[in-house]
Amino acid sequence: MFAKLRIFLTMVKFEHTVFALPFAYVAALLADGKVPNAWNLFWITLAMVGGRTTAMGLNRIIDRFIDAENPRTRNRALPQGLIKVWEAWFFTLIAAAVFELAAYMLSTLAFIISPAILLIFVFYSYTKRFTWLSHFVLGLAIGLAPLSAWIALTNEVTLGAVLLSVAVALWVAGFDIIYACDDVAFDRAIGLHSIPAYFGIKTALTISAFIHLAASICFIITGMILNLGLIYWIGLVVAAYMLYKQHQIISPINLSRINVAFFYLNGTLSMVMFIATALEIGTR
């Protein structure tokens, strides 16, 4: 069972939780105006890990036949038979139960909205079959992380929380468009929908750049609304540079550094924003 669990965690790229988790912490810091207590941090962390693992498990199960045909993904655990479908469902449902438990322990409103979040996770995996807006649905799924953390601690929705979540959603949609450029030929061949497949790689990269510009503007407005200070703004400048950098190292004729942009720059960006926000709140 532990061997299967290791395969499952590798299959869902458990380490990529780093993309969304720091922004949940950012929301927690901004919602309280201080470092939340250990109890709340524990359940927020568990909710994020459970939710993200559920989302990826569902995606791998739902897309297993597509993954088996795609040269980039055919070596994943399910197409290779390294883990059975029922086993993947078993671990995914456990992750979903952890997510629901954490939401229940955090707040009434968080628990009430948690089933809707799970439905969005399921819906995302099907969107690429009928719309190139799938990137924005993925952005919505991950962008709900900071809003959910805010709701969990305050039991309310505020403009600052919404703008922070919109910024994260746009950031994710932008880099997912870049990542989808690797699958243009395959997506077109089997009729899957994405912005690169529909509009072409050059136009897709331009769209992604404008989306990332919009994300930066949302981060700026968030800082203004919440009256954040110099350290936050320094972190935001560094994060904006990372967004700019990933568009500099990728071009329609050279996609070889997509993984650098997707994994390194974006993972670092979320950590920079968390550290800057933590320092900002800690120095007040």
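Everything quoted here is computed from the prediction, not taken from an experiment. (Residues numbered from 1 in each chain as written. Predicted model: local features only at pLDDT ≥ 70, side-chain atom pairs only at ≥ 80, totals over all residues. Heavy atoms only, no water.)

Draft legend 1. The nonpolar core, seen in detail. If you look at the biggest cluster of nonpolar residues, it comprises 75 residues, and the most contacted ones within it are Phe23, Ile44, Trp171, Phe219, Ile250, Leu269 and Met273. Apart from residues no more than four positions distant in its own chain, isoleucine 44 is found in contact with Ala24, Tyr25, Ala28, Leu106, Ala149 and Leu153. Membership of the second largest hydrophobic core comes to 10 residues, among which are Met11, Ile61, Ala77 and Ile83. (Core = buried A, V, L, I, M, F, W, Y, C linked by side-chain atoms within 4.5 Å. Buried < 20%, exposed > 50% of the residue type's maximum accessible area, 1.4 Å probe, protein only. Contact = heavy atoms within 4.5 Å.)

Draft legend 2. Geometry of a nonpolar patch on the surface. A cluster of nonpolar side chains, namely Leu159, Phe210, Leu213, Ile217, Ile220, Ile221, Met224 and Ile225, defines an oily patch on the protein surface of about 770 Å² accessible area. When residues of the nonpolar patch are assigned to their parent elements, the largest contribution, seven residues, is made by helix α12 (residues 201–225). Structurally, the position occupied by leucine 159 is in helix α9 (residues 159–180). (Patch = residues over 30% accessible without salt bridge, like charges linked within 9 Å, V, L, I, M, F, W, Y side chains within 5 Å. Areas by Shrake-Rupley, 256 points an atom, 1.4 Å probe, with all protein chains shown as cover. Salt bridge = Lys/Arg side-chain N within 4 Å of Asp/Glu carboxyl O. Helix = DSSP H or I, 4+ residues; strand = E, 2+ residues; numbered from the N terminus.)

Draft legend 3. Inspection of helix α2 (residues 21–32) at higher detail. End to end, α2 covers 17 Å across 12 residues, agreeing with the expected 16 Å (1.5 Å per residue, within 8%). Taking burial as the measure, the 12 residues of α2 include 11 buried ones, the bulk of the element. The complete set of buried residues in α2 reads Leu21, Pro22, Phe23, Ala24, Tyr25, Val26, Ala27, Ala28, Leu29, Leu30 and Ala31. Looking at the packing, one finds that the buried side of α2 touches α3 (38–62), α8 (134–154), α9, α12 and α14 (258–282). Remark: glycine 33 follows α2 within two positions and exhibits a positive phi of approximately 70°. (Expected span 1.5 Å × (residues − 1).)

Draft legend 4. Spatial organisation of the packing of α9 against α14. As a packed pair, α9 and α14 sit with axes 9 Å apart at the nearest point and diverge in direction by 165°. With respect to α14, the element α9 is oriented roughly antiparallel. As for the relative orientation of α9 and α14, their crossing is left-handed in sense. On α14, the residues that touch Trp171, Phe175, Ile178 and Tyr179 of α9 are Ile258, Asn259, Phe262, Phe263, Asn266, Leu269 and Ser270. The residue inventory of the contact of α9 with α14, partitioned by class, reads eight nonpolar, three polar and no charged. (Axes fitted to C-alpha atoms, helices over the stretch in contact; angles between N-to-C directions. Parallel < 35°, antiparallel > 145°, perpendicular 65-115°, else oblique. Left-handed = near helix turned anticlockwise from the far one by under 90°. Nonpolar A, V, L, I, M, F, W, Y, C, P; charged D, E, K, R; others polar.)

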